[in-house]
Amino acid sequence: MINKIKNTVNTEEKKRLLSNFFSLSVLQGANYILPLITLPYLVRVLGVEYFGLLAFAGATIAYFGILTDYGFNLTATREISIHRDNREKVKEIFSSVMTIKVILMFVSLFLLSILVFSFERFSKDAVVYFLAFGTILGQVLFPVWFFQGMERMKYITYLNILSKLIFTIAIFVFVQEQSDYYLVPLLTSIGFLVAGIWSLFLINNEFDVSFSFQNIKTIKYYLVDGWHVFISRFYVSLYTTTNVILLGLFTNNTAVGYYSIVEKIVVAIGGLFDSANQTFYPYLARKHKENFTHFVQLLKKISFIFFAISFSFLVISEFLKEEIVYLITGNYSVEITSLLTIFLIRILTFPFGPLFSNALIIMQRKSEFMKVMNYTVVLDLILVSPSIYFYGVKGLVYSFIFVLIVHVLLLIIYLQKTITKGRDLK
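Keep in mind that what you see is a predicted model, and the values were worked out from it rather than measured.

**Q** An account of the nonpolar core is requested, with residue identities and associated values reported.
**A** By size, the foremost hydrophobic cluster in this structure holds 65 residues, and its most contacted members are W145, F146, L284 and F295. Broken down by element, the residue count for this core peaks at 10 residues, all from helix α21 (residues 366–425). Once residues lying within four places of it in the same chain are set aside, the contact partners of L284 are F295, L298, L299, I302, L355 and I362. Core analysis: the second largest hydrophobic core is formed by 63 residues, L53, V184, I342 and F343 among them.

**Q** Talk me through the pattern of salt bridges; I want residue IDs and the actual numbers.
**A** Per the counting criterion, the structure on display carries 7 salt bridges. Where K287 meets E290, a salt bridge forms, and the shortest distance between an N and an O atom there is 3.4 Å. Here K287 pairs with E290, and both are found in helix α15 (residues 272–290), just 3 residues apart, close to one helical turn. With relative accessibility at 53%, the residue E290 sits in the exposed group. For the salt bridge of E318 with K321, the shortest nitrogen-to-oxygen distance reads 2.7 Å. On the basis of relative accessible area, K321 is assigned to the buried category, the value being 17%.

**Q** Residue-level account of the environment of T77, with values.
**A** Mapping T77 onto the fold places it in helix α3 (residues 72–83). As for T77 and G149, which are separated by 72 residues in sequence, their C-alpha atoms are 4.3 Å apart. Not counting the four nearest positions on each side in its chain, T77 is found in contact with F72, W145, Q148, G149 and Y281. A distance of 3.5 Å separates the side chain of T77 from the backbone oxygen of W145, its partner in a polar contact.

Calculation criteria
- Residues numbered from 1 in each chain as written.
- Predicted model: local features only at pLDDT ≥ 70, side-chain atom pairs only at ≥ 80, totals over all residues.
- Heavy atoms only, no water.
- Core = buried A, V, L, I, M, F, W, Y, C linked by side-chain atoms within 4.5 Å.
- Buried < 20%, exposed > 50% of the residue type's maximum accessible area, 1.4 Å probe, protein only.
- Helix = DSSP H or I, 4+ residues; strand = E, 2+ residues; numbered from the N terminus.
- Contact = heavy atoms within 4.5 Å.
- Salt bridge = Lys/Arg side-chain N within 4 Å of Asp/Glu carboxyl O.
- Polar contact = N/O pair within 3.5 Å; in protein donor to acceptor, adjacent residues only side chain to side chain.

Below you can see the structure in the form of structure tokens.
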């Protein structure tokens, strides 16, 4: 057995791949497990209503995260990965992308100000929204895409775990009663800012890459290059983040709290696949360029492994659902348990949306990718709003799961067509 394991990692490339996967797995574990540690405490101290308020604010701020990310986690990662041995080119990519992200951050702050001061639903809790916006500044300062492209994920792991650990400890120390709810977005933002500032020092010291002003033509190139991914991420938000916003507008903060608790549980369980997909993306991009047949074989192997793992997670989680709810909320909530039973199905779709979307992007099939996104968004808009209006939070859970299943099936259909065409061209 030991010899077999050694044989699988006997090249520098595979060793790096496994190292990156391990680093990102630890990172995702920290991203999901540490918040889960504070989740029961926050639900009990703040109550479901105030927890729902924070979730609603987080969903609102997430739009600006999508705007400032602008798809660079895919396009800039790809560019860094291809040109990582060319220091001047890497410096150009880094500087151009950071310039765009800073500009988009100021645009986001302007839009948030208009939103908060224009609608009473937001203005009554203005401090929560502006404090939560600090996470956007932290995300802009932390170029995850740079470390991914360099395939040096251990740096991301160290920085994020430190910031999340500080945040986790601070929650227990400073949030003692319901009136302290505003400290949650403040402490979260501080954690993001610390990680972001530290990452910039690392890039300068470890990679000898510093910021330099770029001409308009260069900046425009990277802006256009990231456009299709930005649109796809925005589309994804229309059937994920927007659903939480609609739930808050049609119902109340308590319903948002119930949904957010269930969503955090499922996202924590499926978080492993995020790190796997981030690790495999630059690797698959290179394999596609080198050998199309090998690329397809790898995609099939990864898909099979993902399905086996996700199905196992689903079965185990369903068996332990009541204990999980009790651990999080402190009681055997029938409402939350019934929602979790349905929402756990999302675990089966979790790995395949990003995997198959990345595959289409790698194969330069932007039109097919956008067709899938268009169909998914239209279906979500048709089903989710009336489902929430008539059936509340349970209607959102059922309709959202249906949309996710259809989304993955459409990706499979278009991916298979693309692979068939690719083989015919060989």
